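# Summary of structural features
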Amino acid sequence: MAKKVVVLGEIRNGELRAVSYEAIAAAKEVANGGEVVGLLLGENVNILANEIIHYGADRVITVEHPDLRAYTPDAFLQAILQVLDAEKPEGLILGHTAIGKDISPRIAAKLKSGLISDAVSVEVAGEEVLFTRPIYSGKAFEKKVIQDGIVFATIRPNNIAPLEKDESRSGEVREVNVDIKDLRTVIKDIVRKTTGGIDLSEAKVIVSGGRGVKSADGFKPIQELADVLGGAVGASRGACDADYCDYSLQIGQTGKVVTPDLYIACGISGAIQHVAGMSNAKVIVAINKDPEAPIFNIADYGIVGDLFEVLPLITEEFKKVAVNS
Ligand code: FAD
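Source: prediction; values computed, not measured.

One finds Leu39, Leu41, Ile93, Ile103, Ile107 and Phe131 to be the most contacted residues of the largest nonpolar core, which totals 60 residues. Top contributing element to this core by residue count: helix H1 (residues 18–31), with 9 residues. Those residues in contact with Ile103, other than ones at most four positions away along the chain, are Tyr71, Pro73, Phe76, Leu77, Ile80 and Leu94.

Okay, structure coming up:
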């Protein structure tokens with residue numbers, strides 16, 4: 001059955017996050033020939049509406065409101081519920097981001113609906129929409145369907161390919177008003193810890209350091225390789241606990257879950273809690289001086305050696321490729 005599916009476009013620093021385009025691709029699948037409606041909340045978001053349409057949405061609803069300038073659960077929830085009430089969609093897709101993880105259970109509770117979180121793929125089988133999601137820290141996958149009510153899911157960044165951008169696509173962009181009141185929290189200011197950089201959850205290449213880097217300075221060769229590859233720097237909790245880097249870089253069960261095309265683990269032993277955050281990377285390369293390190297069990301390519309000798313050699317080689325290409 002064709003469905004109307006709403007997709008929340010996530011905006012960061014005035015730009016749509018890549019997961020928004022991936023959510024549209026997932027929504028297209030769920031819609032099964034029906035309508036995909038983009039939803040943008042914030043200030044000056046109208047300018048992003050066409051971008052959503054170019055990536056496959058049929059039309060876009062924008063809500064411009066000063067209380068939506070930065071994410072707060074109260075304001076976003078009120079705005080989303082009012083739009084859903086007016087649109088009455090059969091599907092809703094969000095990115096499995098910090099915002100998606102925070103707001104989606106609140107929406108599900110208000111709608112009294114089910115929620116499939118952290119889906120990595122979606123397919124339509126007959127009348128059912130099947131979502132696949134990792135379980136047991138990525139060791140297995142389960143397929144889930146929502147049997148009753150709105151088809152509601154969050155999708156893990158970097159797993160569902162976005163549709164090709166088509167600038168010739170057009171669609172209706174409609175601004176709607178919402179009533180936002182009784183906010184329990186107000187964001188006064190946002191102070192960013194790190195400046196710029198590539199978002200770990202959306203990075204295609206991640207070079208990660210563990211306790212084996214031995215100091216904050218030990219992250220320098222890791223950063224150099226990441227820069228040459230146009231990637232982001234990650235870390236194990238071991239490295240964060242030892243104060244070699246900031247906790248915002250931590251990957252794993254209690255850190256970020258990442259799915260890059262290439263993950264290079266340097267001086268990381270491969271504890272299960274770390275692996276939980278990166279085992280779904282497409283290609284895993286491990287550099288470790290201990291040939292028995294568990295990280296080699298999940299690595300596609302392993303280099304047994306001292307990371308301080310190996311990394312500069314690899315970085316040099318990649319630099320040559322970059323210059324020649
Ligand atoms: P280590 O285990 O100490 O490994 C260091 C590795 O570096 C070793 O394999 C060593 O051979 C290698 N090495 C040393 N020197 C060199 C060198 N010069 N060149 C090459 N290799 C070298 N961990 C996470 O990462 N993420 C999480 O989210 C997370 N959540 C957790 C949640 C809970 C509830 C618990 C209990 C633990 C959690 N941990 C997490 C911690 C986890 O169990 C490990 O302790 C941690 O991942 C170890 O970090 P590490 O691999 O950097 O350090």
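To continue, consider the side chain of Ser236. Following the sequence through the fold, Ser236 ends up in the loop between strand S14 (232–235) and helix H6 (237–241). Accessibility expressed as a relative area gives 8% for Ser236, which makes it buried. A polar contact of 3.2 Å, which involves the side chain of Ser236, links it to the backbone nitrogen of Gly238.

Before going further, it helps to examine the pattern of salt bridges. Evaluated as defined, the whole model comprises 25 salt bridges. A salt bridge links Lys28 to Asp58; the shortest N-O distance between them is 3.8 Å. On the criterion of sequence distance, the pair formed by Lys28 in helix H1 and Asp58 in the loop between helix H2 (49–54) and strand S5 (59–64) is long-range, its members being 30 residues apart. According to the relative accessible area criterion, Asp58 is partly exposed, its value standing at 26%. Two residues, Glu35 and Arg59, come together in a salt bridge whose shortest N-O distance is 2.7 Å. Of this pair, Glu35 sits in strand S4 (residues 35–42) while Arg59 sits in strand S5, and the two are 24 residues apart along the sequence.

The next thing to look at is the sheet that holds strand S16 (residues 283–288). The strand order across the open sheet formed by 5 strands is S14-S13-S15-S16-S17, and the pairing between neighbours is parallel. Looking at which strands have only one partner, the edges of the open sheet turn out to be S14 and strand S17 (301–304). Each strand axis lies, on average, 20° off the axis of its neighbour in the sheet, ignoring direction. Strand direction decides the pairing type here: strand S13 (residues 205–209) and strand S15 (residues 262–266), joined by 5 bridges, are parallel. For Val205, the partnering residue across the bridge sits in S15 and is Leu262. Of the strands in this sheet, S13, S14 and S15 are in contact with helix H5 (residues 220–229), which crosses S13 at around 175°.

This brings us to the site of the ligand. The ligand sits among 26 residues. The nearest are Arg211, Ser236, Thr254, Ser269 and Gln273. Between Asp306 and the ligand, the recorded distance is 3.1 Å, taken from a side-chain N or O atom to a nitrogen atom. For the ligand, whose accessible area on its own is 980 Å², the fraction buried by protein is 76%. Only H6, helix H7 (272–278) and helix H9 (307–324) provide two or more residues apiece to the shell around the ligand.

Turning our eyes to something else, we now look at the sheet that holds strand S11 (residues 151–155). Hydrogen bonds between backbone groups are what pair the strands of a sheet, and the pairing can be parallel or antiparallel. Strand order in the open sheet made by the 7 strands is S7-S11-S6-S1-S4-S5-S12, with parallel pairing throughout. Two strands close off the open sheet at either side, each with one partner strand: strand S7 (116–119) and strand S12 (172–175). On average, each strand axis in the sheet is tilted by 20° relative to the strand beside it, whichever way the strands run. Strand direction decides the pairing type here: S4 and S5, joined by 6 bridges, are parallel. Following the sheet pairing, Gly42 is matched in S5 by Glu64. Contacting strand S1 (4–8), S4, strand S6 (91–95) and S11, H1 runs over the sheet at an angle of about 170° to S1. Along the sheet face, helix H3 (residues 73–87) touches S1, S4, S5, S6 and S12 and points at about 150° away from the line of S4.

Attention now moves to the packing of aromatic side chains. Following the criterion strictly, the structure yields 2 aromatic pairs and no others. Ring geometry for Tyr21 and Tyr55: centres 3.9 Å apart, planes at 25°, overall stacked. Highlighted residues: Tyr21 in helix H1 and Tyr55 in the loop between H2 and S5, separated in sequence by 34 residues. Tyr55 sits in the buried class, given a relative accessible area of 16%. Both rings, one in Tyr71 and one in Phe76, keep their centres 5.0 Å apart while their planes meet at 75°; by these two values the pair is edge-to-face. Under the relative-accessibility criterion, Tyr71 is labelled buried at 19%.

Attention shifts here to the packing of H3 against helix H4 (residues 98–111). In the contact formed by H3 and H4, the axes pass within 10 Å of each other and the chain directions differ by 50°. As summarised for this structure, H3 and H4 are arranged oblique, according to the angle between their axes. Taken as a pair, H3 and H4 cross one another with a handedness that is right-handed. Contact residues: Pro73, Phe76, Leu77, Ile80, Leu81 and Leu84 in H3; Asp102, Ile103, Arg106, Ile107, Lys110 and Leu111 in H4. In terms of residue class, the contact of H3 with H4 is made up of 9 nonpolar, no polar and 3 charged.

Conventions and cut-offs
Residues numbered from 1 in each chain as written. Predicted model: local features only at pLDDT ≥ 70, side-chain atom pairs only at ≥ 80, totals over all residues. Heavy atoms only, no water. Core = buried A, V, L, I, M, F, W, Y, C linked by side-chain atoms within 4.5 Å. Buried < 20%, exposed > 50% of the residue type's maximum accessible area, 1.4 Å probe, protein only. Helix = DSSP H or I, 4+ residues; strand = E, 2+ residues; numbered from the N terminus. Contact = heavy atoms within 4.5 Å. Polar contact = N/O pair within 3.5 Å; in protein donor to acceptor, adjacent residues only side chain to side chain. Salt bridge = Lys/Arg side-chain N within 4 Å of Asp/Glu carboxyl O. Pairing = 2+ DSSP bridges. Axes fitted to C-alpha atoms, helices over the stretch in contact; angles between N-to-C directions. Near = heavy atom within 4 Å. Areas by Shrake-Rupley, 256 points an atom, 1.4 Å probe, with all protein chains shown as cover. Phe/Tyr/Trp six-rings, centres within 6.5 Å; stacked < 30°, edge-to-face > 60°. Parallel < 35°, antiparallel > 145°, perpendicular 65-115°, else oblique. Left-handed = near helix turned anticlockwise from the far one by under 90°. Nonpolar A, V, L, I, M, F, W, Y, C, P; charged D, E, K, R; others polar.

Structural measurements only, silent on function.
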